[in-house]
Amino acid sequence: MELSIQKWGNSAAVRLPTTLLEQLKVALGDKLSVEVRPDGVMLKPARHKYSLDELLAQCDSKAPTPEGLDDWSGAKPVGREVW
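Presented here is a report on the structure given in the accompanying data block. Because the structure is a prediction, the values reported are computed rather than measured.

### Quick word on the overall build of the protein chain
A count of helices and strands for the protein chain gives two helices and four strands. Order of helices (α) and strands (β) in the protein chain, N terminus to C terminus: β-β-α-β-β-α. The C-alpha atoms of the protein chain give a radius of gyration of 22 Å, which is well past the 12 Å a tight globule of 83 residues would have. With the principal axes as the frame, the protein chain shows a C-alpha extent of 60 × 30 × 25 Å.

Following this line, the structure appears as structure tokens:
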């Protein structure tokens, strides 16, 4: 697929066809992350990175504590998690 660079006010723009938006699973108003690479430009849907406070705000404070939670107290890290 080839896209043309066109003038848009004092800037340049590339129009993304609907089929491309569907393939990227984005819609008008969504944001894209742009990465410049040696061989071109990579466009990816920008995904919100939630903070711990935002995630905890979604939790039900009245929910029962899961069984087996005590098993985690002595666990060692196995990935990139921070203890």
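### Describing a nonpolar patch on the surface
A surface patch of nonpolar side chains, amounting to about 440 Å² of accessible area, comprises Leu32, Val34, Val36, Val41 and Leu43. When contributions to the nonpolar patch are tallied by element, the ones reaching two or more residues are β3 (32–37) and β4 (40–45). As for its placement among the helices and strands, Leu32 is situated in strand β3.

### Observations concerning the environment of Pro45
Following the sequence through the fold, Pro45 ends up in strand β4. C-alpha of Pro45 to C-alpha of Ser33: the two residues are twelve residues apart in sequence and 5.8 Å apart in space.

### Digging into the environment of Glu35
As for its placement among the helices and strands, Glu35 is situated in strand β3. Residues in contact with Glu35, not counting those within four places in the same chain, are Gly40, Val41, Met42 and Lys44. At a separation of 3.2 Å, a polar atom in the side chain of Glu35 contacts the side chain of Arg37.

### What about the pairing of β3?
Inspection of the sheet shows β3 paired to β4 by six bridges, in the antiparallel sense. By the bridge assignment for β4, Val34 is matched with Leu43.

### Brief notes about unusual backbone geometry
We note that Lys25 has phi near 60 degrees; this positive angle belongs to a residue other than glycine. Along the chain, Lys25 falls in the loop between α1 (18–24) and β3.

### Points about the pairing of strand β2 (residues 11–14)
Bridge count between strand β1 (residues 5–8) and β2: four bridges; the pairing is antiparallel. Opposite Gln6, over in β2, you have Ala13 as the bridge partner. In sequence, β1 turns back onto β2 through a hairpin of two residues, with Gly9 there showing a positive phi of about 65 degrees.

Rules and cut-offs
- All residue numbers here refer to positions counted from 1 along the written sequence of the relevant chain.
- This being a predicted model, a pLDDT of at least 70 is required before a residue's local features are given, and a value of 80 or more before pairs of side-chain atoms are given or counted; all residues contribute to the totals for chains, interfaces and linings.
- Note that the side-chain values use all heavy atoms of the structure and ignore hydrogens as well as water.
- Secondary structure follows DSSP: runs of H or I at least 4 residues long count as helices, runs of E at least 2 residues long count as strands, and numbering of each begins at the N terminus.
- Throughout, the radius of gyration refers to the C-alpha atoms, and the reference size of a globule is 2.2 Å times the residue count to the power 0.38.
- Exposure above 30% relative accessible area and the lack of any salt bridge qualify a residue for a patch; like charges then connect within 9 Å, and the nonpolar side chains Val, Leu, Ile, Met, Phe, Trp and Tyr within 5 Å.
- All accessibility values rest on the Shrake-Rupley procedure with a 1.4 Å probe; residue burial counts only the protein chains present in the view.
- Whenever a carboxyl oxygen of Asp or Glu lies within 4 Å of a side-chain nitrogen of Lys or Arg, that contact is scored as a salt bridge.
- By the convention used here, residues are in contact when the closest approach between their heavy atoms is within 4.5 Å.
- Here a polar contact is taken to be a pair of N or O atoms separated by no more than 3.5 Å, where protein atoms must pair a possible hydrogen donor with a possible acceptor and residues adjacent in sequence count only if both atoms sit in side chains.
- DSSP-based pairing: two strands are paired if at least 2 bridges between them are found.

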